[in-house]
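Okay, here's what each chain looks like letter by letter:
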Amino acid sequence: MSTFALVGNPNSGKTTLFNALTGSNQHIGNWPGVTVERKAGSLKQDSGVEIQDLPGIYSMSPYSSEEIVTRNYILETRLDGIIDVVDATNLERNLYLTLQLMETGVPVVMALNMMDLLDKQKNRSINIKKLAYILDIPVVSISALKKDNVEKLVTQLHSEIKGYATPQYDPRLESAIEMLQKKLVGKVPDNQARWFAIKLFERDENILAEMRFSDTQLKDINNIIKMAERIFDDDSDSIIVNARYDYIARIINMSVIDNDDFTMSMS
Ligand code: GDP
Ligand code: K
Ligand code: MG
């Protein structure tokens, strides 16, 4: 038995894909404590593979009940992988969540959805191979609505998922994250250490309280964060947000061709 969760921005096509993957093998309920609908089902082709549809989110910072449900599910369930449903016509915005999902340490497979719409847009194309190479995760381009390439995605779910990749940011930020990860040894699962280290860096009150650090440890942690804030001359929250946006800009630069740019540079 293996379990995959569908995660993505609202309206990226999660439910459409969920229906294409599971057909009528669905059970519907509610998440405990909130009035958010819960849908799970098994693959049409393989009842041993469970698919969980999750509420759409823009970020893994828990503000809304949807974000809390999705974030807790990802961190507390033994998932074999996340199927990150990305709207190909809104790649930049969707990638912000992709990076955060990759930071959780759960293997991520990208379902690059709405390809039928992107193909109609003459001004933009995405080099899927480059995108997969740069992110270092499998990327399958699909149209959930037209059921294009959904079989290929299923094949990907059955193939062995190698470890997990995480985006690497500015080396000066990476060294702070690495120092914070050392403070978490024994406190969190190894594969989630990076996620928790980034939360510490953001001074997440809940996580700090949960970890029960000694006063000395708290002082060390604060010094690590302050050092980075001096280096970047910015607050730690903004350092992380900017690091993700810089990373996305590089991905887009390398994997997306905007034909408008091309005509402009020719004139
Ligand atoms: P969710 O909020 O992520 O669950 O998104 P939905 O599955 O409800 O889809 C949102 C809208 O996008 C619906 O109108 C779908 O019919 C449409 N949609 C989903 N996938 C595709 C696709 O691959 N191509 C096109 N053209 N529309 C899609
Ligand atoms: K919707
Ligand atoms: Mg939905």
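Because the structure is a prediction, the values reported are computed rather than measured.

Looking at the environment of Gly105
Part 1: Examined against the element boundaries, Gly105 turns out to sit in the loop between helix H3 (91-103) and strand E6 (108-113).
Part 2: The exposure class of Gly105 is buried, given its relative accessible area of 3%.
Part 3: Each C-alpha atom of the pair Gly105 and Trp31 lies 23 Å from the other, and the pair is 74 residues apart in sequence.
Part 4: Once you skip the residues sitting within four places of it in the chain, Gly105 turns out to touch Tyr164 and Asn191.

Describing the site of ligand 1
Part 1: As a structural note, the neighbourhood of ligand 1 is formed by 15 residues, with Asn11, Lys14, Thr15, Thr16 and Asp116 the closest of them.
Part 2: Separating an oxygen atom of ligand 1 from a backbone N or O atom of Ser12 is a distance of 3.2 Å.
Part 3: Contact between ligand 1 and Asp116: a nitrogen atom at 2.8 Å from a side-chain N or O atom of the residue.
Part 4: Summarising the interface, the protein chains cover 72% of the accessible area of ligand 1, which totals 580 Å² for the free molecule.
Part 5: Take the shell around ligand 1: its biggest share by element is 3 residues, from helix H1 (residues 14-22).
Part 6: For the shell around ligand 1, the residue count by class is 5 nonpolar, 8 polar and 2 charged.

What to know about the packing of aromatic side chains
The relation between two aromatic rings is expressed through the spacing of the ring centres and the mutual angle of the planes.
Part 1: Inspection of every chain in the model, using the stated rule, returns 2 aromatic pairs.
Part 2: Between Tyr169 and Tyr247, the aromatic rings sit 5.7 Å apart at their centres with planes inclined by 90°, giving edge-to-face as the arrangement. Of this pair, Tyr169 sits in the loop between helix H6 (150-158) and helix H7 (171-182) while Tyr247 sits in helix H11 (residues 236-255); the two residues are 78 residues apart in sequence, bridging distant segments of the chain. Per residue, the accessibility class of Tyr169 equals that of Tyr247, and both read buried.

Considerations on H7
Part 1: Helix length check: H7 (12 residues) gives 17 Å between terminal C-alpha atoms against 16 Å at 1.5 Å per residue, within 8%.
Part 2: Considered for burial, the residues of H7 that qualify are Leu173, Glu174, Ala176, Ile177 and Leu180. All buried residues of H7 project into a common sector of 160° when viewed along the axis, lining one side. H7 presents Pro171 and Lys182 as exposed residues on the side facing more than 90 degrees away from its buried surface.
Part 3: The N-terminus of H7 is capped by Asp170, whose side-chain oxygen sits 2.8 Å from the backbone nitrogen of Arg172.

So, the UniProt feature "binding site: Mg(2+) 1" (unreviewed entry) in the protein
Part 1: This chain's UniProt record puts "binding site: Mg(2+) 1" (unreviewed entry) on Thr22.
Part 2: Secondary-structure assignment places Thr22 in helix H1.
Part 3: Excluding anything up to four places from it in sequence, Thr22 contacts Gly41, Ser42, Lys44 and Ile51.

Here's the deal with the pattern of salt bridges
Part 1: Tallied over the entire structure, the rule returns 10 salt bridges.
Part 2: Taking the shortest distance from any N to any O, the salt bridge between Arg194 and Glu174 comes out at 2.9 Å. With a gap of 20 residues between them, Arg194 in helix H8 (residues 193-201) and Glu174 in helix H7 connect regions that are remote in the sequence.
Part 3: Note that Arg244 is salt-bridged to Glu202, the shortest N-O span being 4.0 Å. With Arg244 in helix H11 and Glu202 in the loop between H8 and helix H9 (205-211), the pair connects residues that are 42 residues apart, well separated along the chain. Taken as a pair, Arg244 and Glu202 share a single burial class, namely buried.
Part 4: What you see here is one network of salt bridges that share partners, running through Glu103, Lys199, Glu202 and Arg244.

Quick word on the side chain of Asp116
Part 1: With respect to the element layout, Asp116 can be found in helix H4 (residues 115-120).
Part 2: No salt bridge is formed by the buried Asp116; the nearest opposite charge belongs to Lys146, separated by 4.6 Å.
Part 3: Within the structure, the side chain of Asp116 is placed 3.1 Å from the side chain of Ser143, a separation counted as a polar contact.
Part 4: Dropping the residues within four chain positions of it, Asp116 is found in contact with Ser143 and Lys146.

Remarks on the sheet that holds strand E8 (residues 139-141)
Part 1: Pairing within the open sheet is mixed, and its 7 strands lie in the order E2-E3-E4-E1-E5-E6-E8. The sheet is open, and its two borders are formed by strand E2 (26-30) and E8, each paired with just one other strand. The average angle at which neighbouring strand axes cross in this sheet is 25°, direction not considered.
Part 2: Examined bridge by bridge, E2 and strand E3 (residues 37-42) share 5 bridges and lie antiparallel to one another.

Overview of unusual backbone geometry
Part 1: Non-glycine residue Asn149 carries a positive phi angle of around 65°.
Part 2: Residue Asn149 is classed as partly exposed on the basis of its relative accessible area of 33%.
Part 3: Here Arg203, not a glycine, exhibits a phi torsion of approximately 55°, which is positive.

About the cut-offs
- Residues numbered from 1 in each chain as written.
- Chains lettered and ligands numbered in written order.
- Predicted model: local features only at pLDDT ≥ 70, side-chain atom pairs only at ≥ 80, totals over all residues.
- Heavy atoms only, no water.
- Helix = DSSP H or I, 4+ residues; strand = E, 2+ residues; numbered from the N terminus.
- Buried < 20%, exposed > 50% of the residue type's maximum accessible area, 1.4 Å probe, protein only.
- Contact = heavy atoms within 4.5 Å.
- Near = heavy atom within 4 Å.
- Polar contact = N/O pair within 3.5 Å; in protein donor to acceptor, adjacent residues only side chain to side chain.
- Areas by Shrake-Rupley, 256 points an atom, 1.4 Å probe, with all protein chains shown as cover.
- Nonpolar A, V, L, I, M, F, W, Y, C, P; charged D, E, K, R; others polar.
- Phe/Tyr/Trp six-rings, centres within 6.5 Å; stacked < 30°, edge-to-face > 60°.
- Expected span 1.5 Å × (residues − 1).
- Arc of directions from axis to C-beta.
- UniProt positions renumbered as here; feature names shortened; annotations may be inferred.
- Salt bridge = Lys/Arg side-chain N within 4 Å of Asp/Glu carboxyl O.
- Lys, Arg positive; Asp, Glu negative; His and termini not counted.
- Pairing = 2+ DSSP bridges.
- Axes fitted to C-alpha atoms, helices over the stretch in contact; angles between N-to-C directions.

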